[in-house]
Structures are given as structure tokens and as C-alpha cells.
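Listed below are the residues making up each chain.
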Amino acid sequence: MKTRIYSISLVLVLSVAMFAAAQRVQAALGGSSDSIESDRKALSATTRGVTAGNGYTVQEIYSAANTVREYVSSSGVVFGIAWNGLVYPDITRLLGSYTGEYQKARQQAMRQRGSRHLRVKSSGVVVEQWGHMRDLRGRAYAPALIPPGVSVDEIK
Amino acid sequence: MKLNKIVLLSLVLLLLPGCGGGGGGGSHSSSSSSSSSSSGSSVGALCSAGLGSGSPGSGNVIPVTVGDFCGIDYLNEPTVSVTVCTSQGSSNCLTIGGILLDTGSYGLRIFNQALSALITTPSNGTAECVQYADGSADWGWVQNVYVTLGSEQTSTPVPIQVIDSAFGARSPAIYCPGTLDVSPSGSGFNGILGVGPLVQDCGLTCVNSVPNPAIYYTCNGLTCTGTTVPLANQVSNPVASLPTDNNGLIVQLPGVDVGGAVSLTGSLVLGIGTQSNNSPSGATAYTLDPTYGEFTTTFSGVAYVAGSGHDGADGSFTDSGSNGLFFPSPTSGTYSGELSNYCSRHSDWFCPATTTSFSATIIGYSGTPVGGTVVPFQIGNFTNLINSSNMVFIDIGGNSPGFDWGLPFYFGRNVYIGFENTTSSLGTGPYFAY
């Protein structure tokens, strides 16, 4: 456990150094991979690691509240974000230029009483959340940005 | 504004003690300490239609009503009555019906509107933001009260949440995202009784750190800031705080015919193997992972694995507060494509042309019983089913990641929920059994 904390700190130091010089204007979804650093700051999280998938990479940022995974295409664009934890992250900080259309669609979404699932779809983005107390989950993706051959189910 | 609202609602409360029976009551006696035989007063509901409340029960048995409590087309809604007291005993109490029985959460939460005859809104204290997967959230303060379930009362005051979306004049600095529960009539219940297999609503994380966004806040007047909270002060499953019958519970609901029912009644029995009426008989136990309270379900070739949340994979769980069976439409395996037809108006629900039979295999977190247990279930056409006066259905389901065995799983079964850090003849909690 302790060693994990140390290695997280090490990764954090390295990632801060790595991203320090990068320009960070855009936010997450649809933005460049550099925007993950601003997400990390917004969520008071640390970067946990990078794993490679089917023609994309997954960057994970971690805090006591939740874990957020950002899916970055080979051309460096964030096409999907998934999260799980005790609380939902501030989704509006993760959706970048899609925030406005998401908020509009969310307001129109009918509450489904008794459901443990919410799906909000607008022209450019799909946001889903599900799970239960102490294990809340969700994902957001821009269908137009998903690389060919990658299934939505890989964003989790 | 806020005071007016409270006064108005209190007035409504006094004028309309019940919305469909079970009200009764009379004037409450919150200021009386000399009354020896007073049983406090009773609040039926704060909504204008619907089923009304059942009785608070006696001994370790509490009646459960499944139906549409508030008359807002809330399907498969299980509710109970609970009693809240500001002192030990039966004086200074309020019995509140229409409390959602929820094995998928932890802790008792009751709307301020339903409690305002007994409890005054504090200006300072601990507050809490609780988020739910349907996008809703509860904001309100934490209050220590004696909770009576059936005839059994907690031996000490336990923390509950009083739901009040306006508490602390919620400033933008307080981040409680989601569609806030504002009123009983809007949400369809007077409160939520979270009696799942874990105990606290946050756990050790909130003891050691403040999540971002925070769950617990310390409020001073209109200013609230995130805070750590010891386990004993977190809102928690009140059954675990009873002096006896505190190791778990049994949800007993009758079966439902295909086609549904308007309503039905069953029982919530406190304790497992502690009384003659709660001895396990012929039940198989499934251990749950200690972090999330999940087990493993395999359906159409896909495994929803207990405790795999760390790597983003989904587990499975039972939840009486979920009103259907929720899982991904199978795209491979035995049932590939069989639930690809969604309802046109209710696009999250499955609408197969005819009622279709399925089965899944469940197995505990520890890998027992070896080979698992096959669980058969059916999914009907949601649109056709709800086109009736029925509100209770055993065969409704919808699309969602993970595998959520909601209320339909409970029909026709005795479902045992064993709490963490307890034991019974069924094993060591957390577990569920049926």
C-alpha cells in the first residue's frame, strides 16, 4: 500500500514535469491529451498511469473520490472519458466544448424514478451514469471522435 | 421564503395526515416529556394520491408495500414506515410512511417536510451531499435520532440525513451535482431506508480524507466546507445499530403474475437466525466484496465480476431500490441480439415482441457456491406491460452497464442481506442469500 502511494507520487512528479511546458487551453473531451493535466488539477487528482489499448492510450487520474480514465486516440484527441468511485466528478469540467449541449440535454432528460441509470444524449456527446452507493460509475464519449475499430464498450 | 415553506408544509402535514389510510395520528407531542403512553404521531404521506402508508409493524417485522406510493407512476416502488424519536422511548416520535426500502444504499434519509413537526432546522452542523446513479442527489443536514423499526429502537441516537435542498442556502461553493430531491411529491417518497450489506454511506475514505467533490460538510450559518467524518458519525444503515436483530435482514415479497399487479404486500424481517421467525431455511449465501458489496454474474458470455471496480470493469449487485433488472443488451453469446429492441417512448427499457425467458449464473465474491447458481428470469415488453393500471411487474428490464438485480429479483423469494462485520448461520457478512 505504502509503495503504491510512493509510486503514485513519483508518477505525479514526472507527469507534472512532463506537462509543465505544455499549453493547456482546451478542456478534456475533444481536446488534446494535454488537457488531461487541467482535468487533473480541476479534480485535485494525481496521474496514476498510462496504458495502451486497441490503437489508443488510456490515462488514469486518481483521487480519494474517484478514478477518471481518459481515452486518447493515436492522433492525440480525447474521445472518451470513464469514471468510478464514491462520487461523480464534476462532469461539466470534463466535457470541454460539449459542456453546453450536455447541460441543455440534461435539463430535458426526464427523471426515471427507481432507475439506477441515466443516459443523456445530444448531437455530439453521450453521457451515461450508473452503479450504486459507494460504487458510482459513468462515461462520456463523442461518437464522431471514436477511432475506427474501437467499440464504445471499451470505454469503461 | 424558507420559513414560509416550512410553515405551509407543516400546515399541510397537520391537515392531511394520510393520503390513503394509515394516517391516523392526531396532534404530536414533541414537547411532552411526561406522557408515558403516547406513541407520538403518524405521518401518512405528503403527496395527494397513491397507496398511502402501511403500518410500522411490530416486533422484528415491518410490512412492505410495493406499488406507487405517491401516485406519480413510480413502478415497483417498495416502501415501509419508520419511526423517528428525539428521545429514547415512544414519546417525541413521528411515524413516517412512504420510506423507500433500498438494499442498494446505506442510511436513513427523510425529507425535512416530513420531519418538520418534530425537528427544527439547525443553523450549524454537519451536512451531506449524496449522489445516486439516476442523476439525482440528496442535500441536507445530519441529525442524530433514535430510529424505531417495528418495535425495535436503536439504543443510542444514530445519524440520519434530513433531506433539505435549501439547507445552508446552498452556495455555488457547495458542490452537490445532480437533480436534487426537493419534495416528497416530486420524488415519490418521504424518505429512503438504506439497508444494504455495508453499513456507512461513505466508509473509511471519508474518515481519512475529503473527496472532491466532498460528501460531508461542516456548516456554519450559510458557509459549508468539506470535512472528514469518523465512521460512527456517518449516516449508516440503522438496522446495524439496533440492540438485537442487527446482523442483517430478510426481504420477503410474494410472487407476481406475468402481466403485473396493482400493488402487493410483504415483510421486512430484522435479523438473520436471531429469532424463530428469521431462521434461514434452504437459502444459499453469496459473499460480497468488502469494498463495493458486489458479487459476480455471468450473462450471455459476459462476466460482471465482483470487486473489479479498480480497473473499471463492472460488477453485479442486488438492489430493492432499482425498479427493474438492468444489464447490457447482449451482443454476443447465447442471447445475442434478443434484447436489441428498445421501447420507442421509453428508450432505456427493453421491448421484446413477446415475453422472453433468460438465465444468468451468479457466484459469490469468494467463488462459492462452486459452479454458481443459475437464475432464470423473464423480460417482457415494457410498453405493453405499463399500458394497464398495474404498477408492479416481475418482468421489466432495461439497458445499463453492469448487472443490477433490482426489485423483480425479490419477488417470490426471501432475500437475506447479511451486513459487513457480522455473522449468522449463513456466513460472515457482507453477503446476500436466497
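Residues numbered from 1 in each chain as written. Chains lettered and ligands numbered in written order. Predicted model: local features only at pLDDT ≥ 70, side-chain atom pairs only at ≥ 80, totals over all residues. Heavy atoms only, no water.

S.K.: When you look at the overall build of chain B in this model, what are you seeing that I'm missing?
M.R.: The number of helices and strands found in chain B is five helices and 28 strands. Within chain B, the proportion of its 434 residues that are buried is 58%. When contacts within chain B are restricted to residue pairs at least 6 apart in sequence, those whose partners lie at least 24 apart make up 66%. When the accessible area of chain B is evaluated, it comes to approximately 15100 Å², of which 52% is carbon and sulfur surface. (Helix = DSSP H or I, 4+ residues; strand = E, 2+ residues; numbered from the N terminus. Buried < 20%, exposed > 50% of the residue type's maximum accessible area, 1.4 Å probe, protein only. Contact = heavy atoms within 4.5 Å. Areas by Shrake-Rupley, 256 points an atom, 1.4 Å probe, with all protein chains shown as cover.)

S.K.: Looking at this structure, how should I read the state of the cysteines?
M.R.: Where two cysteines share a covalent bond between their sulfur atoms, that bond is called a disulfide. Residue and element names in this part refer to chain B. Using the criterion set out here, one finds five disulfides over all chains in the structure. Here C85 pairs with C93 through a disulfide, and the sulfurs are 2.1 Å apart. For the disulfide bridge between C85 and C93, the dihedral angle about the S-S bond is near 105 degrees, and by the sign convention the bridge is right-handed. This pair shows no difference in class: C85 is buried, exactly as C93 is. Residue pairing for C219: its cysteine sulfur links by disulfide to C224, the two sulfurs lying 2.1 Å apart. Around the S-S axis, the bridge from C219 to C224 shows a dihedral of about 110 degrees and counts as right-handed. (Disulfide = S-S within 2.5 Å.)

S.K.: Would you mind showing me how to read the sheet that holds strand 24 (residues 403-405) of chain B here?
M.R.: Picture the strands of a sheet paired through backbone hydrogen bonds; they go either parallel or antiparallel. All names here are of chain B. Ordered in space as 19-24-20-23, the four strands form an open sheet in which the pairing is mixed. The open sheet terminates on both sides in strands that have one partner only, identified here as strand 19 (316-318) and strand 23 (397-398). Both strand 20 (residues 325-326) and strand 23 contribute to a ladder of two bridges, which runs parallel. For L325, the partnering residue across the bridge sits in strand 23 and is G397. (Pairing = 2+ DSSP bridges.)

S.K.: Would you mind going over the nonpolar core with me for this structure?
M.R.: Within soluble globular proteins, side chains that are nonpolar tend to cluster in buried spots. In terms of nonpolar packing, the biggest core is built from 84 residues, with B:L193, B:F377, B:W405 and B:F432 touching the most fellow members. Residues contacting B:L193, with those up to four places away along its chain left out, are B:V80, B:V82, B:I99, B:L100, B:L101, B:D102, B:G107, B:L108, B:L149, B:P238 and B:L268. If you look at the next biggest cluster of nonpolar residues, it comprises 26 residues, including A:L29, A:V78, A:L136 and B:A133. (Core = buried A, V, L, I, M, F, W, Y, C linked by side-chain atoms within 4.5 Å.)

S.K.: I'm lost on empty space enclosed by the protein in this one. Help?
M.R.: A probe matching the size of a water molecule, rolled over the atoms, marks out where space remains unfilled. Taken as a whole and judged by the stated rule, the model has eight cavities of 30 Å³ or more. In this structure, the largest cavity spans a volume of roughly 110 Å³. As for the largest cavity, its lining consists of 15 residues, and the residues nearest its centre are A:R116, B:Y74, B:L100, B:D134 and B:F189. In terms of residue class, the lining of the largest cavity is built from five nonpolar, four polar and six charged. Here the second largest cavity defines a volume of roughly 90 Å³. In terms of lining residues, the second largest cavity is bounded by A:L86, A:V87, A:M133, A:R134, A:L136, B:E128, B:C129, B:V130, B:Q131, B:D201 and B:I215. It is strand 6 (residues 124-131) of chain B that contributes the most residues to the lining of the second largest cavity, four residues altogether. Counted by class, the lining of the second largest cavity contains seven nonpolar, one polar and three charged residues. (1 Å grid on protein atoms, 1.4 Å probe; cavity = no way out; pocket = protein on both sides within 12 Å on 5 of 7 lines; lining within 4 Å. Points joined across faces, edges and corners; volume = space filled by probe spheres on them. Nonpolar A, V, L, I, M, F, W, Y, C, P; charged D, E, K, R; others polar.)

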